[in-house]
Amino acid sequence: MPDHSLPLPFDPATAGDRAAALRRWRRIAGLYLATVACLWLAARLVPRLLPDYIGWPWPGFWSLLRAVGEAGLVGGLADWFAVTALFRHPLGVPVPHTALVPQNRDRIADGIATYIDSEFLAPDRLRGQVQRLNAADQLARALADPANRAQLADLALASLPRLLSRGREAALREALARAAMEGLRAMDMRPMVARLLRDAINSPLFEALIQEVSDYGVVLIHGSRPHIRDAVATRSKWWMPRTLDRSLADQVTDALAGHLFDLRSPYSEAGHALRQWLAEIPDRILDGDPLGDRLASVLRNAVDIKTLRLLLHHLIGRLKSAALEDAAKPDGVLRDALDAMLLSLAQELEQPATRARLDAAVEGAFLAAIPGWRVSIRSFITDTLKAQDAADFARRLEEGVGKDLQFIRINGTVLGALIGAALYLLDLTFG
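Residues numbered from 1 in each chain as written. Predicted model: local features only at pLDDT ≥ 70, side-chain atom pairs only at ≥ 80, totals over all residues. Heavy atoms only, no water.

On a plain count of helices and strands, the protein comes out with 19 helices and 0 strands. Counting across all 431 residues of the protein, residues that qualify as buried make up 27%. When contacts within the protein are restricted to residue pairs at least 6 apart in sequence, long-range pairs at least 24 apart make up 72% of them. Of the roughly 28,400 Å² that the protein leaves accessible, carbon and sulfur atoms contribute 65%. (Helix = DSSP H or I, 4+ residues; strand = E, 2+ residues; numbered from the N terminus. Buried < 20%, exposed > 50% of the residue type's maximum accessible area, 1.4 Å probe, protein only. Contact = heavy atoms within 4.5 Å. Areas by Shrake-Rupley, 256 points an atom, 1.4 Å probe, with all protein chains shown as cover.)

Rendered as structure tokens:
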């Protein structure tokens, strides 16, 4: 498992250390190059200036030393030129095909983005990584630990005072009220109205309600008998006897009371017709009957924004006080409830079917989001790299890998010297 405590290769916090390391290894590589240059210079000057030492320490020594110095110098200089040409013009001379990194910054940015996209963000590659993640198992093991559950509960409860501060409470109340009103205006309430009516009609208490309303109507009709007599007498002809008016009024009153009484029983003709009409209302509403729109309008108009604000202010205030008081207790109800909820979730995740569903959901959500992520990540990489100054881009890249490139110079110098010695000995042997 990688050590996440180690700094990243391009961590800005280590930029100074990387630049110092690059300078140090440049000097070391330069020292190797200077050494073979000194060997070559010594092999050229000593035989001329000190002819007595031409055969010291053995014949051909200075020729071998010259071959070693020449080959090492050529190898070292060639690799110095190649390494330097990657990031700048050697000695400031604009030789063609040098300063490759700054001149090809955009191509490099596109190449890096393409490589990351094809090698790291391809769905087939990420699917295996997501499956190996085994999110359900890790979550279950984390929640099974009481210490982890306690930390999650502490984190949630510690955020309550900030979430329920006075300023946030007012904003929350206003946002909830407006969201509720917008939801009520936009929502098609006819299915809900039909469902409520159907549940009410099918409720065992509905018969009791009809009977109570019927009884109240009978009592109301009988109590209104004097008013009905007066109404009939007022509208009757002048020549109609009063006794006949009273008899007619009583018959109308008794008929109305009898009809209302019949509504109590589902087996009477009137009661059966009433219940059948009521049972058909939900289906009529769902079929587009204007009654549904009228009932939905009544529900919407019954609650306005001012009412919602007052209701939410009261509810949030009471809940806020209770929640903050309980959150301060080490054995509060909220803490116990959170722990029980997390433990229940951990136990549910012990079920293979639940784990499979969660892993499948995570995998599906991740793979569904990949296409959008790929475009965004690729654009972010290319835009970020192309926005950098070309020289600064080259400098950062050199500081990141320059130390290893100096080993190329060292190896070229040493290998060139060894090859020069080998070629000299082969030439001496077979020449």
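For His 97, which is not a glycine, the phi torsion comes out positive at approximately 65 degrees. Checked against the element boundaries, His 97 lands in the loop between helix 2 (61-87) and helix 3 (100-103). Judged by its relative accessible area of 72%, His 97 is exposed. With a phi angle near 50 degrees, Ala 99 is a residue other than glycine that sits in the positive phi range.

With that settled, the discussion passes to the packing of helix 10 (residues 190-201) against helix 14 (residues 269-286). Between helix 10 and helix 14, whose axes approach to 9 Å, the crossing angle comes to 165 degrees. Overall, the two elements helix 10 and helix 14 adopt an arrangement that is roughly antiparallel. As helix 10 runs across helix 14, the sense of the crossing is left-handed. Taken together, the residues of helix 14 that come into contact with helix 10 (itself represented by Arg 190, Pro 191, Val 193, Ala 194, Leu 197, Arg 198 and Ile 201) are Leu 278, Ala 279, Ile 281, Pro 282, Asp 283, Ile 285 and Leu 286. Grouping the amino acids of the contact of helix 10 with helix 14 by side-chain chemistry returns 11 nonpolar, no polar and 3 charged. (Axes fitted to C-alpha atoms, helices over the stretch in contact; angles between N-to-C directions. Parallel < 35°, antiparallel > 145°, perpendicular 65-115°, else oblique. Left-handed = near helix turned anticlockwise from the far one by under 90°. Nonpolar A, V, L, I, M, F, W, Y, C, P; charged D, E, K, R; others polar.)

Further remarks concern the packing of aromatic side chains. If you walk through the whole model with that rule in mind, you get 2 aromatic pairs. Centre to centre, the rings of Trp 25 and Phe 407 are 4.6 Å apart; their planes meet at 40 degrees, and the pair counts as tilted. Of this pair, Trp 25 sits in helix 1 (residues 15-49) while Phe 407 is found in helix 19 (residues 390-430), placing the two residues 382 residues apart along the sequence. A relative accessible area of 19% means that Trp 25 is categorised as buried. (Phe/Tyr/Trp six-rings, centres within 6.5 Å; stacked < 30°, edge-to-face > 60°.)

What follows is about the environment of Ala 122. With respect to the helices and strands, the residue Ala 122 is situated in the loop between helix 4 (105-120) and helix 5 (123-133). A sequence separation of 248 residues divides Ala 122 from Ile 370, and the C-alpha atoms of the two residues are 8.2 Å apart. Filtering out sequence-adjacent residues up to four positions away, Ala 122 remains in contact with Asp 117 and Arg 374.

Moving on, we get to the nonpolar core. Ranked by size, the top nonpolar core spans 10 residues in total: Val 83, Phe 87, Val 101, Ala 109, Ala 113, Ile 381, Leu 385, Phe 393, Ala 394 and Leu 405. Of all elements in the fold, only helix 2, helix 4, helix 18 (352-387) and helix 19 reach the threshold of two or more residues within this core. Of the residues forming this core, the biggest block, 3 residues, is contributed by helix 19. Sequence-distant contacts of Ala 109, defined by excluding residues within four places in its chain, comprise Thr 382, Leu 385 and Lys 386. Counting 9 residues, the second-largest nonpolar core is a separate cluster that includes Val 193, Ile 201, Leu 278 and Ile 285. (Core = buried A, V, L, I, M, F, W, Y, C linked by side-chain atoms within 4.5 Å.)

In total, this model carries 22 salt bridges according to the counting rule given. One salt bridge in this structure joins Glu 399 and Arg 18, with 3.6 Å as the shortest N-O distance. Of this pair, Glu 399 sits in helix 19 while Arg 18 sits in helix 1, placing them 381 residues apart in sequence. Across the pair, Arg 18 and Glu 399 agree in class, each one buried. Counted as one network, the salt bridges with shared partners bring together Arg 18, Asp 392, Arg 395, Arg 396 and Glu 399. (Salt bridge = Lys/Arg side-chain N within 4 Å of Asp/Glu carboxyl O.)

In contact at an axis separation of 8 Å, helix 11 (residues 205-223) and helix 13 (residues 242-262) are set at 170 degrees when each is read in the N-to-C sense. Between helix 11 and helix 13, the angle is such that the two are roughly antiparallel. In this structure, helix 11 contributes Ser 214, Gly 217, Val 218, Ile 221 and His 222 to the contact, and helix 13 contributes Thr 253, Asp 254, Leu 256, Ala 257, Leu 260 and Phe 261. Within the contact of helix 11 with helix 13, the residues separate by chemical class into 6 nonpolar, 4 polar and 1 charged.

What follows concerns helix 7 (residues 146-158). Between its first and last C-alpha, helix 7 extends 18 Å over 13 residues, near the 18 Å set by a 1.5 Å rise per residue. Within helix 7 the residues assigned to the buried category are Arg 149, Ala 153 and Leu 157. Buried residues of helix 7, viewed axially, fall in a sector of 65 degrees; they line one side. Opposite the packed face of helix 7, turned more than 90 degrees from it, sit the exposed residues Gln 151, Leu 155 and Ala 158. You can read the cap of helix 7 off the contacts: a side-chain oxygen lies 3.1 Å from the backbone nitrogen of Ala 147, and it is on Asp 145. (Expected span 1.5 Å × (residues − 1). Arc of directions from axis to C-beta. Polar contact = N/O pair within 3.5 Å; in protein donor to acceptor, adjacent residues only side chain to side chain.)

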